[in-house]
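Survey of secondary and tertiary structure
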Amino acid sequence: MRIVPVLLCGGSGTRLWPLSRKSYPKQFSRLMGEKSLLQMSVERLTGPQFAPPVVLTNTDFRFIITEQMAEIGVEPGAILIEPDGRNTAPAVLAAALWLKDKDPEALMLVAPSDHVIPDAESFRAAVDIGVMAACEGKLVTFGIKPGHAETGYGYLELPCCLGDGAEVFDLKAFVEKPNAEQAEQMLASGRYLWNAGIFLFSASTILDAYRVHAPHLIDAVERSVHAAEPDLGFLRLDPEAWSEVEDISIDYAVMEHAGNLAVVPYTSGWSDLGGWDAVLREGDGGDKNVVTHGNAHAVDCTASLLRSEDDGVELVGIGLDHIVAVAMPDAVLVADTRRGQDVKEAVTLLKSKGAHQAEQFPLDHRPWGHFQSLATGDRFQVKRIVVKPGASLSLQSHHHRAEHWIVVQGTAKVTIEGQVQLVTENQSVYIPLGAKHRMENPGKVPMTLIEVQTGAYLGEDDILRYDDVYARGQGAKG
């Protein structure tokens, strides 16, 4: 029986700020190598026993997902667009309702898209162990053998001590995040696993569980799925019905009440990268437990993580102990690694000040490419824009700004008020305020240009779209 991976790809990952932000969260970042966490998750759930994955996400991430999956040569089975984040219970229910019309007995493997599991073969073997129980009507969850007394995770209680063999246990209880003393006791007992939030069950079994334990969710989610509209290969859940759905996790809504629960222990490496301390643990820090990335350098440091995410920034740490330092083009974090769960407070602080760094990633990803603001001032902004081969920006105009484009690599096909011209390297073009214009890359290599904006208001929401190959509608991203 083939298993349908259901990847949950929302969330903001605020504990990994400033690298992870609302506009570009950690699952899209290359935190642990050359591939993003999403790409690593997709590859882990690709193989003979797996069907093409179903991904649940929001509208801003849909093109990032398709681009990153295309980079590793995997076609999604479906991408369901949630109008708003409503936690995991509605998301899993929507996937189950979508799948039941195709194959109600299909097994669903529900997994976050931002976990690190280095041994993919070992994880797939654990999934195989849980298949029989799932086929017999069990709700199977996967628990991680604890490596330390972690207070940031929920736990799963086993009926007996964990042995060395591969087996399926009936789950005794879910346990909320413990305090430090409780976590030490649970670790010593050998009867507790970390709750990884990974589940395996048939579509029919989980729908039966919702009918018993969370029937109030079904009507609105079902209406949202049935009224969903296709959009360029995506499936947009109906926003009106979705707005009625409760924001609740699948643990609270279903799992903690169900009686047909089973757990497969997973004893190999795993991390949800829930904080910079976890990133440090997953790195190869050597004898002094020091991990560096990019243009970062450590001098006489211990138990520290130093990352420079900007080619133009050299980060040097001297005599540091238990420190994480992350340098971005627009923000710098310096914190005690033992305060990893508190980094989200920095995001709250910056949001209260109205700082765009709280949620906006410095590199703004769009379906046609990306741009980065290089300089801003009174009535001007300078951007570096990169357009992918064959890609096209929307036909648009601006109420408050004019633009100057200077091509520095490749060739731009520029339309201004119906007049088309090719602008090559070292050439420039001027777009007056209010003029309808479009930029395209007709070449086979990325096209780079510098954009100088001038005007009274330079916000990204000053865009009026007339035509767009990506069907984004109005607004900053559409």
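Numbers given to residues run from 1 along each chain, matching the order in which its sequence is written. Under the rules for a predicted model, residues below a pLDDT of 70 receive no local features and side-chain atom pairs below 80 are neither given nor counted, while totals for whole chains, interfaces and linings still include all residues. Where side-chain values are given, they derive from all heavy atoms of the structure, hydrogens and water being excluded.

Right, let's get into the sheet that holds strand S26 (residues 428-431). Two strands in a sheet stick together by hydrogen bonds in their backbones, pointing the same way (parallel) or opposite ways (antiparallel). DSSP bridges decide pairing: two strands pair if at least two such bridges lie between them. The helix count covers DSSP runs of H or I at least four residues long, the strand count covers runs of E at least two residues long, and both are numbered beginning at the N terminus. Reading across from one edge, S19-S20-S21-S28-S23-S26 is the order of the six strands in this open sheet, with antiparallel pairing throughout. The open sheet has two edge strands, strand S19 (363-366) and S26, and neither has a second partner. This sheet shows a mean twist of 25° between the axes of neighbouring strands, independent of strand direction. Bridging between strand S23 (residues 401-409) and S26 involves four bridges; their strand directions are antiparallel. If you follow Ile 406 over to S26, its bridge partner there is Ser 428. Here an angle of 0 to 180 degrees is reported between the N-to-C directions of two axes, which are lines fitted to C-alpha atoms, with helices fitted over the stretch in contact.

Residues are said to line a cavity or pocket when one of their atoms sits within 4 Å of a point; the points come from a 1 Å grid over protein atoms alone, cavities being sets where a 1.4 Å probe fits but cannot get out and pockets being open sets with protein on both sides within 12 Å along at least five of seven lines. Grid points are joined across faces, edges and corners, and a volume is the space filled by probe spheres set on the points. Enumeration over the complete set of coordinates arrives at four cavities of 30 Å³ or more. In this structure, the largest cavity spans a volume of roughly 200 Å³. The wall of the largest cavity is formed by 21 residues, among which Trp 368, Leu 393, Gln 396, Arg 401 and Ile 463 lie closest to the centre. Going through the elements one at a time, strand S21 (380-387), S23, strand S27 (437-440) and strand S28 (447-455) are the ones with two or more residues in the lining of the largest cavity. Note on residue classes: Ala, Val, Leu, Ile, Met, Phe, Trp, Tyr, Cys and Pro are nonpolar, Asp, Glu, Lys and Arg are charged, and everything else, Gly too, is polar. Here the lining of the largest cavity is built from residues that sort into seven nonpolar, five polar and nine charged.

Now for the packing of aromatic side chains. Only Phe, Tyr and Trp rings are paired, with Trp represented by its six-membered ring, and only when their centres lie within 6.5 Å; those with planes under 30 degrees apart are stacked, over 60 edge-to-face, the remainder tilted. Tallied over the entire structure, the rule returns eleven aromatic pairs. Ring geometry for Tyr 153 versus Trp 194: centroids 4.9 Å apart, planes at 70°, classification edge-to-face. Of this pair, Tyr 153 sits in the loop between strand S5 (139-144) and strand S6 (155-157) while Trp 194 sits in strand S9 (residues 192-202), placing them 41 residues apart in sequence. Take Tyr 153 and Trp 194: they sit in the same class, and that class is buried. With 6.1 Å between their ring centres and 50° between their planes, Trp 194 and Trp 270 make a pair best called tilted. Here Trp 194 is found in strand S9, whereas its partner Trp 270 is found in the loop between strand S12 (261-266) and helix H10 (276-282), with 76 residues between them in sequence. Both residues of the pair, Trp 194 and Trp 270, count as buried. Here the aromatic cluster, defined as three or more aromatic residues joined through ring pairs, consists of Tyr 24, Phe 28, Phe 61 and Phe 361. Here, a charge over a ring means that NZ of Lys or CZ of Arg falls within 6 Å of the ring centre while also lying within 35 degrees of the ring normal. Above the face of the Phe 234 ring, Arg 62 is positioned so that its terminal group lies 6.0 Å from the ring centre. Throughout this description, buried means an accessible area under 20% of the type-specific maximum (1.4 Å probe, protein chains only), exposed means over 50%, and partly exposed covers the range between.

Remember that the coordinates give geometry; whether it matters functionally is a separate question.
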